[in-house]
Amino acid sequence: MAGIALLGAGIFARHEHLPAILASPDLLSLKAVYSRSQTSSVALADALPADGPKPDIYYDSPSEPGRGLADLLKRDDIVAVDVALPILAQPEVIKAALKAGKHVLSEKPVAADVKGARELIKWYETELPAEKKPLWGVAENFRYMKSLVFAGEEVKRIGGRVVSFKLEKFGWVAEDNKYFNTQWRKVPDYQGGFLLDGGVHFVAALRYLLGASGQELSKVAAYTALLEERLQPLDTIHGVASTKQGVNGSIVLSFGTEFKNGTDLEIITTNGTVSWSPTEVKTVTKEGESKKEFEYSSGVGEEVAVFARAIKAGTGKVDGLQTPEEAFRDLEVLEGLLESGSGGAKVKEMSV
């Protein structure tokens, strides 16, 4: 059983990562929790089950030395950390944990932009001793959603040549939305706002289903817009994309449509169509139409357990869906769409 610390005490850390760690008692033992503020650490402590573990609470406070992140990372009984911090805070924490020899699972996106992601991945590959290099995985929970995994299996099952694809995600971030009312999301200092923080999930889902059919995105072009003034700097993308294999499709992402909400991701082949949303997968072939419904599940529990099993296996490798390189490709597509939008729909090519 691996001793783990949860670094982050915000909404997603409390509601998703904490339960995921506690759901794997045969693989993980929660030793400590770190928050950047005492207020958040108290909220997380309150979220712990009464009959569950009582991890040590760490937070940055000049008046209480010995309780900061550096002190947590010195502990020998902690071999791994789960990092769920604001986007701009993550890279330095990731580096500090890896330098301390801790295995790291960090929340998506891998970094705030492609430049930062490339530098962080290069640092991981070149600056840490190969023989003692801890694991680093990037948590993209959509790749572990049961509905998406099933949709990928359906794409493989129906086969055929891919002729097109479509991703449409419409939604509305209301003024009382709990995520909107975190300061770092309300006034983002990173590109794209909710399009980066939330949109990268849907890019990952599209890439997952395209990958099931042997396709990889290579070019994108888009127009961008701000439909709701609160959701700075942008909330909507209307784009087109091409794969390395020459298949064209469309990508629409919006968090600013109050009266339209939903997700529709389609892979269209010469043998049929597979349509995915988080709670339903529909398959249409010449034999007819089939539909399978799912209870919503974020996939965080599965992704944390997969990472824990990689630690236990001791092979020095994370699951292929959690590599920093995989997360880099998600980010590169999303950033390409944003940059194309700011450049009058100029075509942006992916580097890999």
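Residues numbered from 1 in each chain as written. Predicted model: local features only at pLDDT ≥ 70, side-chain atom pairs only at ≥ 80, totals over all residues. Heavy atoms only, no water.

Caption draft 1: Representation of helix H10 (residues 300-313) in the model. The terminal C-alpha atoms of H10 lie 20 Å apart, and with 14 residues this matches the ideal 20 Å at 1.5 Å per residue to within 8%. Residues Val-300, Glu-303, Val-304, Ala-305, Val-306, Phe-307, Ala-308, Ala-310 and Ile-311 constitute the buried set of H10. On its buried side, H10 packs onto strand E1 (2-7), helix H1 (11-22), strand E2 (28-35), strand E4 (80-83), strand E5 (103-107) and strand E6 (136-139). Just beyond H10, the residue with positive phi is Gly-314, at close to 70°. (Helix = DSSP H or I, 4+ residues; strand = E, 2+ residues; numbered from the N terminus. Expected span 1.5 Å × (residues − 1). Buried < 20%, exposed > 50% of the residue type's maximum accessible area, 1.4 Å probe, protein only. Contact = heavy atoms within 4.5 Å.)

Caption draft 2: View of the sheet that holds strand E9 (residues 236-243). If you walk across this open sheet you meet the nine strands as E14-E13-E12-E11-E7-E10-E9-E8-E15, and the pairing is mixed. The sheet is open, and its two borders are formed by strand E14 (288-293) and strand E15 (348-349), each paired with just one other strand. Here six bridges tie strand E7 (residues 162-170) to strand E10 (residues 248-254), and the two strands are oriented parallel to one another. Within E10, the position partnered with Phe-165 by the bridge is Gly-249. The strands touched by helix H6 (residues 146-158) within the sheet are strand E11 (262-269), strand E12 (272-277), strand E13 (280-285) and E14, with E12 carrying the most contacts at an inclination of about 175°. Packing against the sheet, helix H11 (residues 324-342) makes contact with strand E8 (217-225), E9, E10 and E15, and its axis sits at approximately 50° to E8. (Pairing = 2+ DSSP bridges. Axes fitted to C-alpha atoms, helices over the stretch in contact; angles between N-to-C directions.)

Caption draft 3: Representation of the pairing of E13. Of the two faces of E13, only one is covered, namely that formed by Val-281, Thr-283 and Thr-285; the face formed by Glu-280, Lys-282 and Val-284 stays uncovered. Of the strand pairs in this sheet, E12 and E13 are connected by six bridges, and their pairing is antiparallel. Opposite Val-274, over in E13, you have Thr-283 as the bridge partner. Where E12 folds back on E13, the antiparallel hairpin that results is connected by two residues. Summarising the sheet, E13 and E14 pair through six bridges and their orientation is antiparallel. Note on E14: the bridge partner recorded for Thr-283 is Ser-290. A loop of two residues connects E13 with E14, the two strands running antiparallel in sequence.

Caption draft 4: Up close: unusual backbone geometry. A cis amide bond, omega -10°, links Lys-108 with the succeeding residue Pro-109. Structurally, Pro-109 is set in the loop between E5 and helix H5 (114-127). Looking along the chain, the bond that leaves Gln-232 and enters Pro-233 is cis, with omega of -5°. If you trace the backbone, Pro-233 turns up in the loop between E8 and E9. Of note in this structure, Ala-345 is not a glycine but carries a positive phi near 70°. Position of Ala-345 among the secondary structure elements: in the loop between H11 and E15. Owing to a relative accessible area of 21%, Ala-345 belongs among the partly exposed residues under this scheme.

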